[in-house]
Amino acid sequence: MYRKLINQYAWLISAILVFFFSWNAQSLWIDECCMMMSAAQETFGGVWTKATDIGGSDTQMAFYLYLLHIWTKLIAADTELIFRTFNIIWVLLTAWFLRKEPKVLLIVLISPFFIYYANELRPYIMQIAAACAATMFLYKRSLGDKQSYVYGFGLLFLLCTTSLSSVAWCIGFLAAWIILDGKHFWSKNMLKALSCWSIPFIALGSYYLYTLLIGARATHIKSNFIVNIAASVYELFGLTGLGPARGELRTCTQIEHILQKRELLLPSFAGVIIGIILIWGAYKWYKQASRALPLALMALLILPLGIFSYASGMMDFRFSGRHLAPVFPVVCIMISLGVKWSRQNVVQSILSTILVCLWVTSAIRIRFDDTYAREDYRGAVAYCQAKKASGEQVLLLCDHFGKHYYGWQNSIASEDWSQCQVIAVSRPENYKTLITEIEDSHLYQKRKLCPAFWVYERISPANECS
């Protein structure tokens, strides 16, 4: 009896275990601070006002933002650890949509990409959940299962609500669906389903257009689109915990700079293993499915990437790994088809074992190694407040929203840095001129403060003389 219950609810147990593995008390980072400052407002109107005041792209993630706002009111807590429990909803939904494909579910749950975003208070785990539903719909269509058009358009609408960037992937999914169905797509049932969903799609499109007109945009960081694609695939394939942190790769301005990094040796080996499994899985899917599958998958990838490429060039949009969240379940289906343990195929069994070992290693390092931790605004502000309370002059150089969320206001202007006993900084590349002046003064000693923060502490006169 108990074994039957465990087998029946294995998807649920697995999802809960993975969520609590990913769940931690790390400080909120910049984008999460912005999200929480809006979600913590008292009213729905206050949420919108705060989100528009902050700017950026948070207003284009309104569905997640307002659900998070409701969650904060329901749980009546004020700690990040409790706030992060909100994402268990999307982890469980992901498992629900994949429960009838246990191998796909296993690949998704052990993926470092999934584990990382399961603990981030941004809508990417919600995108993954919605994309799992849309991907399973597409997968079954490719195998000849004629599911409801109304259901299909509903899943695409759900994906579109997660953020404006997901609309590009929705276009890709729709194009793949049309290619797979061929002339059968243009049926009376499709037209009826489209008429049912036309008003919601028009309303959502109008809303996104309005956010663009009021200036909602992702933060611009000058970067190379090809480098961003390489760094994004690196993250998508779960390689982050095996080599340099994702932020380190994105700071590279040319693809040659990435290729010169020796730390990428192990991730490159892992990438080859994943590539082989991925190609084999795609071939197996092709053998089972419609002959139109290769063209459908090409449309699913090329159309959204073309849109992102245009946005990068014309709208200062920076493409990153999180924007690949909607295609993540498609990749996991192909990997699941390429993974197999059997005595008849020793090579495939060895590759599958290596993949699982590499991903588990990567996930553990992402979870517990400070190299991959988010910026610790909470720790930095706590340190600065303690120093200030002891009578020292303190300057904190970091993103405004991060330090503001944790209650810090600089009382000293950055140009008066020489008056400070303590100068804490995150992302020093944003303060190059100032950091050069500080280091050239030889008045301070630099050390690591906490994840992504460094501190310059003034050398005492006795130490200066010695």
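This text gives an overview of the structure that appears in the document. Per chain, residue numbering runs from 1 following the sequence as it is written. With pLDDT at 70 or above as the cut-off, local features in this predicted model cover only qualifying residues; side-chain atom pairs require 80 or more to be listed or tallied, and sums for whole chains, interfaces and linings still use all residues. Excluding hydrogens and water, the side-chain values take into account all heavy atoms of the structure.

## Regarding the pairing of strand E2 (residues 422-426)
Inference 1: Exposed residues in this analysis have more than 50% of their type's maximum accessible area, buried residues have under 20%, and partly exposed residues fall in between, with area computed by a 1.4 Å probe over protein chains only. Think of it this way: any DSSP run of H or I at least four residues long counts as a helix, any run of E at least two long counts as a strand, and we number them from the N terminus. Where burial is concerned, most of E2 is hidden: five out of the five residues are buried.
Inference 2: Pairing analysis gives four bridges linking strand E1 (residues 394-397) to E2, with the strands arranged parallel. Residue pairing in the sheet places Val394 in a bridge with Val422 of E2.
Inference 3: With the strands aimed away from the viewer, a crossover counts as right-handed if its path from the first strand over the helix to the second runs clockwise. Where the polypeptide runs from E1 across helix H22 (residues 400-405) and back to E2, its parallel neighbour, the crossover connection is left-handed.
Inference 4: Here E2 runs beside strand E4 (residues 453-458); their pairing, made up of five bridges, is antiparallel. Bridge assignment links Ile423 to a residue of E4, and that residue is Tyr456. Strands qualify as paired when DSSP identifies two bridges or more between them.

## Points about the packing of aromatic side chains
Inference 1: When two rings of Phe, Tyr or Trp (its six-membered ring) have centres within 6.5 Å they constitute a pair, described as stacked for plane angles under 30 degrees, edge-to-face for angles over 60, and tilted for the intermediate range. One pass over the full model with this rule turns up 31 aromatic pairs.
Inference 2: Taken together, a centroid distance of 5.8 Å and an interplanar angle of 65° make the contact between Trp11 and Trp96 edge-to-face. Residue Trp11 is found in helix H2 (residues 10-22), and its partner Trp96 is found in helix H7 (residues 88-98); the two are separated by 85 residues along the sequence.
Inference 3: On the basis of relative accessibility, which here comes to 17%, the residue Trp11 falls in the buried class.
Inference 4: Consider the rings of Phe19 and Phe20, whose centres lie 5.3 Å apart with planes at 75°: the pair is edge-to-face.
Inference 5: Assessed through its relative accessible area of 1%, Phe19 is described here as buried.
Inference 6: Given a relative accessible area of 42%, Phe20 falls into the partly exposed group.
Inference 7: Our definition puts a charge over a ring when NZ of Lys or CZ of Arg is within 6 Å of the ring centre and also within 35 degrees of the ring normal. A cation over an aromatic ring shows up here: Arg141 above the ring of Tyr149, its NZ or CZ 5.1 Å from the ring centre.
Inference 8: Over the ring of Tyr286 we find Arg291; its NZ or CZ atom is 4.6 Å from the centre of that ring.

## Overview of helix H19 (residues 328-338)
Inference 1: Where burial is concerned, most of H19 is hidden: 11 out of the 11 residues are buried.
Inference 2: Within the sequence span of H19, burial applies to Phe328, Pro329, Val330, Val331, Cys332, Ile333, Met334, Ile335, Ser336, Leu337 and Gly338.

## Considerations on the nonpolar core
Inference 1: Ranked by size, the top nonpolar core spans 131 residues in total, and within it Phe114, Trp285 and Ile335 carry the most contacts.
Inference 2: When residues in this core are grouped by element, the largest group, 14 residues, is from helix H10 (residues 124-142).
Inference 3: We call a set of buried Ala, Val, Leu, Ile, Met, Phe, Trp, Tyr and Cys residues a nonpolar core when their side-chain atoms join them within 4.5 Å. Of all hydrophobic cores here, the second largest spans 12 residues; its members include Leu397, Val425, Leu434 and Ile438.

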